[in-house]
Amino acid sequence: MSGDRPVRSRPAGPSPTHAGATAAVLRQLLLQRVEYRDRWTPLARRSGPTAGVSQAAVAEVIALHLWETGERPDTDRALPRALKDRVQRALNGEVLSPQTLDWFIGAFRMTPADSAVLRGERFQDPARRDPPLINTLRDEQRLPLRQRHRTVSVFERRSIGLGGYPVRHRTTQAIIACEDGVDSFPHRLCPGASEVAVQRGGRVTARHERDWSTPVLEITLPRPLRQGQVASLEYDVRFDPGDPAVEYRRVAHARAENVDIVVEFDPGRPPRKLWWAVWDDHSGGRVLFEEPVDFDDTTAVHRFLPSLENAAAGFRWTW
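Residues numbered from 1 in each chain as written. Predicted model: local features only at pLDDT ≥ 70, side-chain atom pairs only at ≥ 80, totals over all residues. Heavy atoms only, no water.

> Is there a simple way to explain the packing of aromatic side chains in this structure?
What characterises a pair of aromatic rings is the spacing of the ring centres plus the angle enclosed by the ring planes. Going through the model one piece at a time under the given rule, you end up with six aromatic pairs. When the ring of Phe 265 is compared with that of Trp 317, the centres are 5.0 Å apart and the planes differ by 90°; the resulting orientation is edge-to-face. Highlighted residues: Phe 265 in strand E10 (residues 256-265) and Trp 317 in strand E14 (residues 311-318), separated in sequence by 52 residues. An angle of 80° between the planes, with centres 6.1 Å apart, marks the rings of Phe 265 and Trp 319 as edge-to-face. In this pair, Phe 265 is assigned in strand E10 and Trp 319 in the segment after E14, connecting sequence segments 54 residues apart. (Phe/Tyr/Trp six-rings, centres within 6.5 Å; stacked < 30°, edge-to-face > 60°. Helix = DSSP H or I, 4+ residues; strand = E, 2+ residues; numbered from the N terminus.)

> What is the right way to read the pattern of salt bridges from this model?
Where charged atoms of side chains with opposite charge meet at close range, the side chains can pair. On inspection of all chains with the given rule, the structure shows 18 salt bridges. A salt bridge links Arg 249 to Glu 247; its shortest N-O distance comes to 2.7 Å. Of the residues examined, Glu 247 reaches a relative accessible area of 30% and is grouped as partly exposed. Across the salt bridge formed by Asp 280 and Arg 286, the nearest N and O atoms sit 3.4 Å from each other. Residue Asp 280 is classed as buried on the basis of its relative accessible area, which comes to 3%. (Salt bridge = Lys/Arg side-chain N within 4 Å of Asp/Glu carboxyl O. Buried < 20%, exposed > 50% of the residue type's maximum accessible area, 1.4 Å probe, protein only.)

> Explanation requested: the sheet that holds strand E13 (residues 300-309) in the structure shown.
Pairing between the strands of a sheet comes from backbone hydrogen bonds, and it takes one of two forms, parallel or antiparallel. If you trace the seven strands from one edge of the open sheet to the other, you get E1-E13-E10-E2-E3-E8-E5, paired in mixed fashion. This sheet does not close on itself; its edge strands, each paired only once, are strand E1 (133-134) and strand E5 (193-200). As defined by bridge partners, E1 adjoins E13 across two bridges and the pair is classed as parallel. Of the residues in E13, the one forming a bridge with Leu 133 is Leu 308. (Pairing = 2+ DSSP bridges.)

> Any chance you could explain the nonpolar core here in plain terms?
The nonpolar side chains of soluble globular proteins are, as a tendency, buried together. Core analysis: the largest hydrophobic core is formed by 33 residues, its most contacted members being Leu 30, Trp 40, Val 58, Ile 62, Phe 104 and Phe 108. If you list the elements that add at least two residues to this core, you get helix H1 (16-32), helix H2 (34-40), helix H3 (55-69), helix H4 (79-91), helix H5 (98-107) and helix H6 (112-119). Of the residues forming this core, the biggest block, eight residues, is contributed by H3. Beyond its immediate sequence surroundings of up to four residues, Phe 108 is in contact with Leu 30, Tyr 36, Arg 39, Trp 40, Val 58 and Val 61. Judged by nonpolar contacts, the second largest core, of 22 residues, contains Leu 133, Ala 252, Trp 276 and Leu 305. (Core = buried A, V, L, I, M, F, W, Y, C linked by side-chain atoms within 4.5 Å. Contact = heavy atoms within 4.5 Å.)

> What is the right way to read the layout of surface pockets from this model?
Gaps left between atoms are located by rolling a probe of water-molecule size over the structure's atoms. Here the largest pocket is characterised by a volume of approximately 1300 Å³. Together, 49 residues line the largest pocket, and Arg 188, Leu 189, Cys 190, Arg 249 and Val 251 are the ones closest to its centre. Counting only elements with at least two residues in the lining of the largest pocket, the list comes to strand E2 (149-160), strand E3 (166-177), strand E4 (182-188), strand E7 (213-225), strand E8 (230-239) and strand E9 (247-252). For the lining of the largest pocket, the class distribution of residues is 23 nonpolar, 15 polar and eleven charged. (1 Å grid on protein atoms, 1.4 Å probe; cavity = no way out; pocket = protein on both sides within 12 Å on 5 of 7 lines; lining within 4 Å. Points joined across faces, edges and corners; volume = space filled by probe spheres on them. Nonpolar A, V, L, I, M, F, W, Y, C, P; charged D, E, K, R; others polar.)

> How should I be thinking about unusual backbone geometry in this particular structure?
A negative phi angle is the norm for most residues apart from glycine, just as the trans form is the norm for most peptide bonds. A positive phi angle, near 50°, is found at Asn 258, a position not held by glycine. Within the secondary structure, Asn 258 sits in strand E10. Positive phi, close to 50°, is recorded for Asn 310, a residue that is not glycine. Along the chain, Asn 310 turns up in the loop between E13 and E14.

Spelled out as structure tokens, the structure:
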């Protein structure tokens, strides 16, 4: 019960190389998705913004799931405690077997899209039918630093405050090295950004200024990657007060897979109208496609794309 050996007869589940990236996505889902967070937070012994994911509470949720499904006898009352170390190794990206991943997905009743991202599968929600977005940019974009990686999954969470301008943006991203010796990740600051705080996966070591671009921060990884190796990063972008924002767009030059975008608004100032949009430029340009969208059960909008390549897509709104 306490062991967590990979089930080799099953192809699904992250390889050891991808365990850290999968764990970063899993932590972000448990913290950011309201429906998942609401399953473990009532069982947490701690509370507060710095508490993070409670491993003991998550272990209890998984134990309840195993009791309900009959996978473990409900007479085994020590099960939550026995699962705690296994949950800790999974959330830290040390060991994450297919069986453990199945337990997380089942216990938290994760959506097919979230399950596919965690399992490293390509998923297209039949209800949404969003195709991969490729080559919407009309001109080749100049990059301040050469891109030596490709994104295999990215979760973007932008928060719009009561003043109408961005107040915070969190990114959880898994990247794969396209060549040997990839030791840093370039992050281009968006307009209005004041600082970047790396929570996991690296540290800011340099800032590059270009006349034709916003500043680019170089985030140095803990160790250089060989071609095909994966690293995960979590970082927060904070903003100075400014004019009310009217859009958030995600731009990808090289192919980015499993792109998950959420924009949330302060309940005291929701926008009057909202659209999902595709542009022909990384900033400005023309809207090539748009369609109205509605809030989910909060004042937030969400979209999942199987991939984005040489394209710009996101949300726009009016106040």
